Amino acid sequence: MTADVAGPGPGTDPDPGFLPEGLGPGRTFALVAGVERYAVSPRWNLRGAARDALRFARWLTGPAQVPPGNVRLLLSPIDEPDTLDWSDSPAMAALRTTHRPATEGNVKSALLDELPQCDGDLLWIFWAGHGYLGPRDELMLPCADAQPGQIRHLNLDSALRWWRTDLVRSRRFPLQAALVDACRVDAPRDTRWNFGSNDYGGGSSVPGRRQFRLYASREGEAAQNDAERGAGRFTEALLTELGQRSVREGVTGLAASARTIHRAFREQRDRGEGWQLPQFLVDRDWDACSFLDEDLSGADRPRHAPPRATRLDQAAWDGLGVLFAGRSLPRHAHEAYTWAFKAAGCTTPMAAGLPGDSLLDVVQDLDERQGGGTAGTGMPLAVPFVRFLADRAAPTDAAWAARLLEWVRETRARLALPVLPPPPSPAPRTALDVRLDLPPGGEDGFLVRMWLRGDGTRQVWESQGALLTLEAVREELLRQLALIGGARAGGPAPGVPYAAVDRIEFHVPYELLDTDFDQWPVPRGPAGRRRALGLLYQVVVRCPEERADTRAEWHTKWRWLCIRGGRHPEAVRVVWDAETTDTLGMELAAGPAPACVVAHTTAAPHEGLLEAVLEGGVPVAVWRRGGGTPEPALLDLLAPAGPDGRPDPGALDVLDLPARVREVRRAAAGVPPGAHARPFQPPPGADQLVLLWDDPDDVPGLRPLACPPDPRPTPDP
């Protein structure tokens, strides 16, 4: 192959004359790696990757007839290497004695030292294992000796750039093919995961070098593994295509094989078995042209394939431009995004959060994915998204909701779309709000008001200017809970599910944030049994009156959290003693993240922590009452474990914290999950968590209690 020979057009196989004249098994070399076991944590273990690598090596040394001495085989299996299927051939027997562990040192030695010294025409790089995208979208492939403090890895993009330069002799390896069976999801941003920076440098680019990359997934997607076979689906499809081909046939037909794989997974998507298009991504053909994302139409598209998912037409886009003008992302946008995939019979994307910062950005992402459709119906993902927005907007913005529904009706009629089921109703939740205000004259006691919130909001009790002690507030709270239960004792109306109070929210002055409301004893059942309020209900504290100076930050952080579905690597900030300084509040307010603070501090929370949380506009915070380092750490109690076996802040669902904190309180009291709380006897040293939960979109009754009560009933929101 020479630089002045024109390459084939997009989507075509390279002509055999396009290949080096002497290309054959003896001039073909390969790095083949399969990583199943990682030093980071057993949770990283990935059964099947070593088997996939061994199967590719078997094709190289079998049908392709590549000498085993030309193959650098790196394996780190979960089980002993001798338990793998080496088959009964001299070539595989040779590799069995020469293979090495897939450590970073061995990878760099093979790929950057040994193979560049070989005189060859074709380099294969096959890798099976985990994969992550770095900050510049480079593909980072962790090695077997990856540790939390140093995720040792191969930076494939940097290595491929290196292989295009004159550091590899100019007449060697004009063809290079990288086949990667790994995910391409964003690398964790937790500071405990240190990928560092692997850039191998390089010299000047050599004209005529051509690279072909075939990845098991697009950016942001996970590569699927067949659990029953212990094999990656990418490898399974690739080896099926390679079959008994020789080296020359394999490289000549590689682009056609990639298109076949693409078509197969597109058909899966059309059948509603996945939303990825494709699950496999070819970056470039041998002539450096992208071809797999082109429309497969005409002869390329099987006649039996279900119809393509419909995309929005110009009229639909014009209508959305008017409907979304001046509209920020609503708090339910993430729920609408995920439901759109379910409504169209597709799998929800792995990446957390929304793909853009505006409604039009989100719809554009949905339209580019082209839906999936159930049974080939071809429902565009944008239509159920807009339908969900209309459903959630109806209680507060009926006019906009009606316009959204009209757009859905017109679009369905114009594009002949199938019936769209209604979105699910919001999960029922009934809360009792208790507001305590300090009297304007500084007298002892508190002014109190209570609301009941469910389908609507109604005031149920007010102290009418009388000052109450905290004990009197508790007694009135218990009385109101009994009245609410008594009013519903006859059962719900026909067709209406029974809903009891499940959350109690205390709106309190700053000085009461650390009060043990969740420990208030509540009579329960016969024989005078008492249980802690926080074991029976989700109990949170609120302090919206202290948000006047940071209202913009407060609302921004909450909305940022909602549109990411409550999960994001930067959503949670763990604060340590050394970080509780005079400048912490300004630091927390610097951006939309964090939206939640988890305190791992020994000092009492009023000694700087809560001031910083409120100054920073942070809507959610968790701490241990009275201070003192919690054992175990609060993050260990609240967040699920990550791949390294340690709690992952990015996996913590902040929007689910009220329920999660109650689970932790119950577990501390020895209550098994899902069981009824036992009598009120908190064990010594039980974790007494306090959850600050300030939802700025849901703050009833901001009228000062020192004012005369409004005789009119509180309207439903």
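Counting restarts for each chain, with residues numbered from 1 along the sequence as it is written. pLDDT decides what is reported in this predicted model: residues at 70 or higher carry local features, side-chain atom pairs at 80 or more are listed and counted, and totals for whole chains, interfaces and linings draw on all residues regardless. Just so you know, side-chain values use all the structure's heavy atoms and leave hydrogens and water out.

1. Some words on the overall build of the protein chain
What counts as a helix is a DSSP run of H or I of at least four residues, what counts as a strand is a run of E of at least two, and both are numbered from the N terminus. Helix and strand counts for the protein chain stand at 19 helices and 23 strands. Expressed as a percentage of the 717 residues in the protein chain, the buried residues total 53%. Residues count as neighbours in contact if any of their non-hydrogen atoms are within 4.5 Å of one another. Put simply, of all contacts in the protein chain between residues at least 6 apart along the chain, 75% involve residues at least 24 apart. Each accessible area value is a Shrake-Rupley result obtained with a 1.4 Å probe; residue values ignore everything except the protein chains displayed when judging cover. Per element, the accessible surface of the protein chain, about 30600 Å² overall, is 51% carbon and sulfur. Three labels apply to residues, based on accessible area from a 1.4 Å probe with only protein chains included: buried if under 20% of the type maximum, exposed if over 50%, partly exposed otherwise in between.

2. Describing the side chain of Arg387
Mapped onto the secondary structure, Arg387 falls in helix 11 (residues 382–393). Neither His nor the chain ends contribute to the count of charged residues, in which Lys and Arg are positive and Asp and Glu negative. Salt bridge, as used here: a side-chain nitrogen of Lys or Arg that lies within 4 Å of a carboxyl oxygen of Asp or Glu. Buried and without a salt bridge, Arg387 has Asp391 as its closest oppositely charged side chain, separated by 4.2 Å. When sequence neighbours within four positions are dropped, the list of residues in contact with Arg387 reads Leu405, Val408, Leu420, Pro422 and Pro423.

3. Quick look at the sheet that holds strand 8 (residues 185–186)
Paired through backbone hydrogen bonds, the strands of a sheet run either parallel or antiparallel to each other. Pairing between two strands is assigned when DSSP locates at least 2 bridges connecting them. The mixed open sheet is built from four strands, whose spatial order is 6-5-4-8. In this open sheet, the two strands that pair with only one neighbour each are strand 6 (153–155) and strand 8. Strand direction decides the pairing type here: strand 4 (residues 132–133) and strand 5 (residues 139–142), joined by two bridges, are antiparallel. Within strand 5, the position partnered with Leu133 by the bridge is Leu139. The axes used here are C-alpha line fits, helices contributing only the stretch in contact, and every angle between their N-to-C directions lies in the interval 0 to 180 degrees. Sitting on the sheet, helix 4 (residues 156–163) is in contact with strand 5 and strand 6, with an inclination near 50 degrees to strand 6.

4. Description of the pairing of strand 9 (residues 210–215)
Taking burial as the measure, the six residues of strand 9 include six buried ones, the bulk of the element. Here strand 9 shows no split at all, with Arg210, Phe212 and Leu214 on one side and Gln211, Arg213 and Tyr215 on the other all buried.

5. Some remarks on the packing of helix 11 against helix 12 (residues 398–415)
At a minimum axis separation of 8 Å, helix 11 and helix 12 run at an interaxial angle of 155 degrees. Comparing their axes, helix 12 and helix 11 come out roughly antiparallel. Seen along the crossing, helix 11 lies across helix 12 with a hand that is left-handed. Of the residues in helix 12, those in contact with Ala382, Val383, Val386, Arg387, Leu389, Ala390 and Ala393 of helix 11 are Ala398, Trp400, Ala401, Leu404, Leu405, Trp407, Val408, Thr411 and Arg412. What sets the label is the angle itself: under 35 degrees gives roughly parallel, over 145 gives roughly antiparallel, 65 to 115 gives roughly perpendicular, and the rest give oblique. Two helices that cross are described as forming a left-handed crossing if the nearer one is turned anticlockwise from the farther one by less than a right angle, and a right-handed crossing if clockwise.

6. Re the pairing of strand 22 (residues 620–624)
In regular strands, side chains alternate between the two faces of the sheet. Here strand 22 lies mainly inside the structure; four of its five residues are buried. Direction of pairing for strand 21 (residues 596–600) relative to strand 22: parallel, over a ladder of three bridges. Along strand 22, the bridge assignment pairs Val598 with Val622. As judged from the five bridges shared by strand 22 and strand 23 (residues 689–693), these two strands associate in the antiparallel manner. The residue bridging Val620 from the neighbouring strand is Trp693, located in strand 23.

7. Observations concerning the packing of helix 8 (residues 314–323) against helix 12
Close contact between helix 8 and helix 12 brings their axes to 10 Å; oriented N to C, the two are set at 175 degrees. Classed by the angle they form, the pair helix 8 and helix 12 counts as roughly antiparallel. Here helix 8 contributes Ala315, Ala316, Gly319, Leu320, Val322 and Leu323 to the contact with helix 12, which in turn contributes Trp400, Arg403, Leu404, Trp407, Thr411 and Arg414.

8. Things to note about the pattern of salt bridges
By the definition in use, this model includes 38 salt bridges. The closest approach of N and O atoms between Asp313 and Arg414, which form a salt bridge, is 2.7 Å. Placement of the pair is Asp313 in the loop between strand 12 (281–284) and helix 8 and Arg414 in helix 12, with a sequence separation of 101 residues. Exposure remark for Asp313: the relative accessible area of 22% places this residue in the partly exposed category. For Arg414, a relative accessible area of 37% translates into the label partly exposed.

9. Here's the deal with the packing of aromatic side chains
Two rings from Phe, Tyr or Trp (for Trp, the six-membered ring) form a pair when their centres sit within 6.5 Å of each other. Planes less than 30 degrees apart are called stacked, planes more than 60 degrees apart edge-to-face, and all others tilted. Per the stated rule, a full pass over the model turns up 16 aromatic pairs. Taking 5.8 Å as the distance between ring centres and 65 degrees as the angle between the ring planes, the aromatic pair formed by Phe56 and Trp124 counts as edge-to-face. Here Phe56, found in helix 1 (residues 49–61), pairs with Trp124, found in strand 3 (residues 122–128); they are 68 residues apart in sequence, far enough to count as distant. With respect to class, Phe56 is no different from Trp124; both count as buried. Considering the side-chain rings of Trp163 and Phe173, the 5.3 Å spacing of their centres and the 85 degrees angle between planes classify their relative orientation as edge-to-face. Highlighted residues: Trp163 in helix 4 and Phe173 in the loop between helix 4 and strand 7 (175–181), separated in sequence by ten residues. When sorted by exposure, Trp163 lands in the same class as Phe173, which is buried.

10. Comments concerning unusual backbone geometry
Note that the residue after Ala593, namely Pro594, is joined by a cis bond; omega there is 5 degrees. Summarising the element assignment, Pro594 is placed in the loop between helix 16 (584–588) and strand 21. Even without being a glycine, Ala416 presents a positive backbone phi close to 55 degrees. Within the secondary structure layout, Ala416 lies in the loop between helix 12 and strand 13 (431–437). Here Gln464, not a glycine, exhibits a phi torsion of approximately 55 degrees, which is positive. You can see Gln464 is positioned in the loop between strand 15 (457–462) and helix 13 (470–487).

11. Examining helix 1
In this scheme, a helix's expected span is set at 1.5 Å multiplied by one less than its residue total. Compared with the 18 Å implied by 1.5 Å per residue over 13 residues, the 19 Å span of helix 1 between its first and last C-alpha is a close match. Across the 13 residues that make up helix 1, a large majority, eleven, are buried. Among all positions of helix 1, only Ala49, Ala50, Asp52, Ala53, Leu54, Arg55, Phe56, Ala57, Trp59, Leu60 and Thr61 are buried.

12. Some words on the nonpolar core
Ranked by internal contacts, the top residues of the largest apolar core, which has 45 residues, are Leu477, Phe506, Leu513 and Trp623. Residues within four places of Phe506 in sequence aside, it is in contact with Val434, Leu436, Leu477, Phe517, Trp520, Leu533, Val539, Val540, Val541 and Arg542. Here the nonpolar core consists of buried residues drawn from Ala, Val, Leu, Ile, Met, Phe, Trp, Tyr and Cys, with membership extended through side-chain atoms lying within 4.5 Å. One finds Ala102, Cys118, Tyr132 and Ala144 within the second-largest nonpolar core, a separate group that totals 44 residues.

13. Some remarks on helix 9 (residues 333–343)
Most of helix 9 is tucked away: nine of the eleven residues are buried. The set of residues buried in helix 9 consists of Ala333, His334, Ala336, Tyr337, Thr338, Trp339, Ala340, Phe341 and Ala343. Positive backbone phi, approximately 75 degrees, marks Gly345, located one or two places after helix 9.

14. Some thoughts on the confidence of the model for the protein chain
Residue-level confidence of the predictor, termed pLDDT, takes values from 0 up to 100. Per-chain confidence: the protein chain averages 80 in pLDDT, with 78% of residues scoring 70 or above. Counting contacts from residues 1–16, a segment whose pLDDT is below 50, to residues more than four positions away or on other chains yields 38 contacts. With pLDDT under 50 throughout, residues 489–498 is counted as low confidence; its partners more than four residues away or in other chains account for three contacts.

15. What to know about the environment of Arg559
As for its placement among the helices and strands, Arg559 is situated in helix 15 (residues 551–562). We classify Arg559 as partly exposed; its relative accessible area is 28%. Sequence separation of Arg559 and Leu329 is 230 residues, and the distance between their C-alpha atoms is 8.1 Å. When sequence neighbours within four positions are dropped, the list of residues in contact with Arg559 reads Leu329, Pro330, Arg331 and Asp697.

16. Structural notes on the environment of Leu312
By the element assignment, Leu312 lies in the loop between strand 12 and helix 8. Taking the C-alpha atoms as reference, Leu312 lies 9.5 Å from Gln364; in sequence the two are 52 residues apart. Those residues in contact with Leu312 that lie beyond four places of it in its chain are Trp317, Leu320, Val363, Asp367, Pro380, Ala382, Val383, Trp407, Thr411 and Leu415.

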